[in-house]
Amino acid sequence: MELPADLKVDIVATEPLVRDPVAIAWAADGSLWVVEMADYPSGVNGEMKPGGRVRHLTDQDGDGRYDQGKLFLEGVNFPTGILPWKEGVIVTAAPDIFYAEDTDGDGRADKREVLLTGFAEKNPQLRVNGLRWGLDNWVYCANGLRTTGEIRSVKTGDHVRLGKRDFRFKPDTGEIDPQSGMSQFGRNRDDWGNWFGVHNSYPLWHFVLKDHYLRRNPYLASPDPKEQLVLPRNPPVYPRSPLIERYEHPHRGSLFTSACSAMIYRDNRLFPASEKHAFTCEPQHNLIHREVLEPAGVTFTAHQPEREKAQEFLASRDLWFRPVMIRTAPDGALWIVDMYRYQIEHPKWMPPKGKRELEPFLRSGEEYGRIYRISPKRRSLRTVPNLSRKTNSELAKRFDTANGWQRDKIQQLLIWRDATEVSEQLKEMARGHSNAKARLHALCTLDGLEMLDARLIRDALKDPHPALRRHAIRLSKTVAGKGSPIIEEVVELVNDPDATVRLQLACSLGEWSGEKAGQALAALAKGEIGSEYMQTAILSSIVPHFAKVANVVASQPPGQVSPLTASLLDMAWQKEAFSAMAYVLTSLMAPDKNGHYTLEQLSVFGDWRERLENQGLDLETVIEKAGKKVGLQFKKLPGLTSYARSILKDEKHSIEEQTTAMRVLGWYGSEQEQDAAVLMSILSEQRPIPVQTKAVQVLGGIDHPSIPERLLKGWSDYVAPVRTTVLNVLSQRTAWLRVLLDRLEQGRIARSSVDMTFRNRLRRHDAASIQKRAERLFGDRKRNEKEKIADFKEVIRKEGDAKRGKAVFRKNCASCHQVGDIGRQIGPNLLSLTDRSPEALLTSILQPSQSIAPQYRTYEVMTGKDRVLLGILTSETGNSLTIKTIDGEAHTVSRKHVESLRTLEWSLMPEGLEHAMTRQELADLIEFLRYPQRAKFSTKSP
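Residues numbered from 1 in each chain as written. Predicted model: local features only at pLDDT ≥ 70, side-chain atom pairs only at ≥ 80, totals over all residues. Heavy atoms only, no water.

Asker: A description of the pattern of salt bridges should follow, citing residues and the corresponding values.
Answerer: Scanning the model with the defined rule gives 55 salt bridges in all. Residues arginine 165 and aspartate 211 are paired through a salt bridge, measuring 2.8 Å at the closest nitrogen-oxygen approach. Of this pair, arginine 165 sits in the loop between strand S13 (159-161) and strand S14 (166-169) while aspartate 211 sits in helix H1 (residues 211-214); the two residues are 46 residues apart in sequence, bridging distant segments of the chain. On the basis of relative accessibility, which here comes to 0%, the residue aspartate 211 falls in the buried class. Notably, a salt bridge pairs arginine 748 with glutamate 709, separated by 3.2 Å at the nearest N-O pair. (Salt bridge = Lys/Arg side-chain N within 4 Å of Asp/Glu carboxyl O. Helix = DSSP H or I, 4+ residues; strand = E, 2+ residues; numbered from the N terminus. Buried < 20%, exposed > 50% of the residue type's maximum accessible area, 1.4 Å probe, protein only.)

Okay, here's the thing in structure tokens:
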């Protein structure tokens, strides 16, 4: 293993003591619990029977290595996570999360109680996992990507739909609460309560906004609540293991493809306490990656240390080294869980040749397993304490440690023991201890013991450390109503210098309904809120304070527009707060003294218009329902639209100015004809492609029967991206689709000019009449797949040309896929495919729906007036979802306006793509996808 020169690595456990380990957790006495996925990848001895194990390891001689192990539980269904809990352990093993305990003292579990159930099984690499203790005294879990339906609490009987979200729960009571984002393997936090997740293509992201705040406001369409910290998708890695050609897999060592177990180091033994080091395992490439995080407003930025710009924190030359988890141990070291397998790819994602080639080796290494420790060469590690033998007072004193595991475990033990007798000791620590982490854990432990008081919160609100102030705000509601006007102290933090404190305040003010809370939220709305996260936090709390915030937003000087304006208008409409709507519109539509408008005014009005269109609303309906005051404001709209048209007449304006200006057009009934003509002229003038595509999208928002005919009139002159956008717009209204089919049947539009992706959508349309017409036009998509693949076998024997293949890719694939700077990031990054053999690529082209990764499933969202959005669901919160359509546009829609949501078991990538190419072009495309550098092409993402 190669790692920094000042660090060393040694083994703490190895086979036969441990085999197939995938997750570890330490008990209060310092012993180690291990879950072993012995049934990976497809069961034991080829049978899909539960074969996982739970093992308990102890260090009998105190030398720092485990020398005794007991098999606690076996026959577990693909276990993925473990957490010691009171007298036993909690285990994640889909479809269940269960508690197991040894009640008779023989070292083996004889009690097993299901706590939660209903988790998706399917691929063992994509199952519920995690089990991490939160400062708020909940246990957090990663979804694993597969569980989008309902889970059930056995204790309460409650059902909760997760969607694309993780969750937290309370094992003793059975409460469940969905949480923002969806992590694949591992959801971990830092010392201050910031949570981080991971996806096999994204090594690290930060969950900035919490779902339990976002879903309070039923009118809020929330943006993606997580911040990607390491970009681009599938960033490069630098393995040291030798390249082994497996079923012709070129470029194996260049990109992240199996990122997992992202975590933050929580001690000071390896790195200074002032630094935040994040680690991500990459088992496919036998390495562990490091990023250093720096605060950036309400989130972080990430960068690699100088040493690791072209190498990794840890890289092994052993191809069997499979790090699947990394954790901060009680001794201050980094511990690595190494499953140690020859093969780590699941056969589901292999082509037939790969399955045949690797079938004899799929379980090679099942008898092995290692746990390593990374420690400093010139500094000793901590002595692992036996916390279970400490008195409650002794435990409280030990909060003064830099070790995150110890502080978490002490907090758990004190709450489990109901240690109310140490409450005064904890209060004294929370008020005045020199260690901010000790102060924080004392505060959170008192919360778990239900021993918080207003005086303590008041002191914490003035703490010099921002994390203490932030958590004091979070906990302030727990002491409200106990004879203390705590809100007076809470709102004093409205001008706090730390952005994370202000973010928490914006979220927590929604828990209060009083005058002072409303004034504070309005003050935040009036301040510097450039961050989209801060805007969303304010809006999450706005329901009890709507009038005050609306008044502040509407009081902006002419030309100054708050970024909250579009959302406020949308909420005012839904709440039927029409007086507030009129007041906000007054400032939005006011020009300066020269009769000019700002780009921000045009942009905000365009945002609001699109939100209303998602509800199937037009201007006439809004005016009719909203009444006279709103109607009077809309009489000013011609001034705004006239100014927008003046921008569009001059091609010298920037692309941003042109695309922003056109978003306000086409909504005012008497001007729709004029606006449509302006937008069509942009299409005929061959302006930049982003300007043309935006013109098409705006035309699609004009609900008039003449629009499809107008769009199709210039079809022969459109470039490919514009055609794609036209087709996407037409597909959102069934009546418009019929116009397109009419023109195709009449021969006025060449069938060959309609791309394969759209043909596929038509042949799978929900309306049977459209399906039949499409199949008459483009042929029946159903065909014997074996015959089709056999028919095209000659392609992989042809000699392809990567340079020609680049042009084929641009023409046929770039609407959904990106390679370097060509195409759109809708489908998977083709440079990250684990198998790019000719056979595999041919199979993927011929049978695109055969194997779809969960994050690239196709969703159909039906909104107002039968408008249909078809695409990839990129994020989801309790009150909204965001879908990226095939034209690359992201649409965030409130759940209130979703009439139906369906998951379609087919890929956005079309069937029949091979018919759009000659067989030589298909061979050229495959060669380009295998070796893009041969086309003198940069594989770096922009």
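Asker: Explain the pairing of strand S3 (residues 32-36) residue by residue, including any values.
Answerer: With 5 of its 5 residues buried, S3 lies for the most part within the structure. Side chains Leu32, Val34 and Glu36 of S3 all project onto a buried face; the interleaved residues Trp33 and Val35 project onto the opposite face, where all are buried too. In terms of strand pairing, strand S2 (residues 21-26) meets S3 through 5 bridges, oriented antiparallel. The partner of isoleucine 24 across the bridge, within S3, is valine 34. Turn length for the S2-S3 hairpin, with the two strands adjacent in sequence and antiparallel, is 5 residues, and the turn residue glycine 30 shows positive phi of about 90 degrees. (Pairing = 2+ DSSP bridges.)

Asker: Can you tell me about empty space enclosed by the protein, naming the residues and giving the values?
Answerer: A water-sized probe, rolled over the atoms, reveals where empty space remains. Counted according to the given criterion, the structure contains 7 cavities of 30 Å³ or more. The space that makes up the largest cavity amounts to roughly 350 Å³. As for the largest cavity, its lining consists of 21 residues, and the residues nearest its centre are Arg132, Arg266, Arg327, Trp405 and Asp408. Contributions of two or more residues to the lining of the largest cavity are made by S2, strand S6 (81-85), strand S10 (129-133), strand S16 (188-189), strand S20 (260-264), strand S25 (323-328) and helix H4 (404-416). For the lining of the largest cavity, the element with the highest residue contribution is H4, accounting for 5 residues. Tallied by class, the residues present in the lining of the largest cavity amount to 11 nonpolar, 4 polar and 6 charged. Volume-wise, the second largest cavity comes out at about 160 Å³. What lines the second largest cavity is a set of 15 residues, and nearest its centre among them are Asn194, Val208, Lys210, Arg470 and Leu503. Counting residues per element, the ones that place at least two in the lining of the second largest cavity are strand S18 (202-207) and helix H10 (499-508). At 4 residues, H10 tops the list of elements feeding residues into the lining of the second largest cavity. In terms of residue class, the lining of the second largest cavity is built from 8 nonpolar, 5 polar and 2 charged. (1 Å grid on protein atoms, 1.4 Å probe; cavity = no way out; pocket = protein on both sides within 12 Å on 5 of 7 lines; lining within 4 Å. Points joined across faces, edges and corners; volume = space filled by probe spheres on them. Nonpolar A, V, L, I, M, F, W, Y, C, P; charged D, E, K, R; others polar.)

Asker: Help me get a handle on helix H20 (residues 655-662), residues and values and all.
Answerer: Residues Gln658, Thr659, Thr660, Ala661 and Met662 constitute the buried set of H20. Buried residues in H20 make contact with helix H16 (599-614), helix H19 (637-649), helix H21 (672-684) and helix H22 (689-700). (Contact = heavy atoms within 4.5 Å.)

Asker: Requested: an account of the packing of H16 against H20, with residues and values cited.
Answerer: Taken N-terminus to C-terminus, the directions of H16 and H20 make an angle of 45 degrees; their axes are 8 Å apart at the nearest point. On the basis of the axis angle, H16 is oblique to H20. Viewed along their axes, H16 and H20 form a crossing whose handedness is left-handed. Counted together, Leu599, Leu602, Ser603 and Arg609 of H16 and Glu656, Glu657, Thr660, Ala661 and Met662 of H20 form the full contact between these two elements. Taken together, the residues of the contact of H16 with H20 break down into 4 nonpolar, 2 polar and 3 charged. (Axes fitted to C-alpha atoms, helices over the stretch in contact; angles between N-to-C directions. Parallel < 35°, antiparallel > 145°, perpendicular 65-115°, else oblique. Left-handed = near helix turned anticlockwise from the far one by under 90°.)

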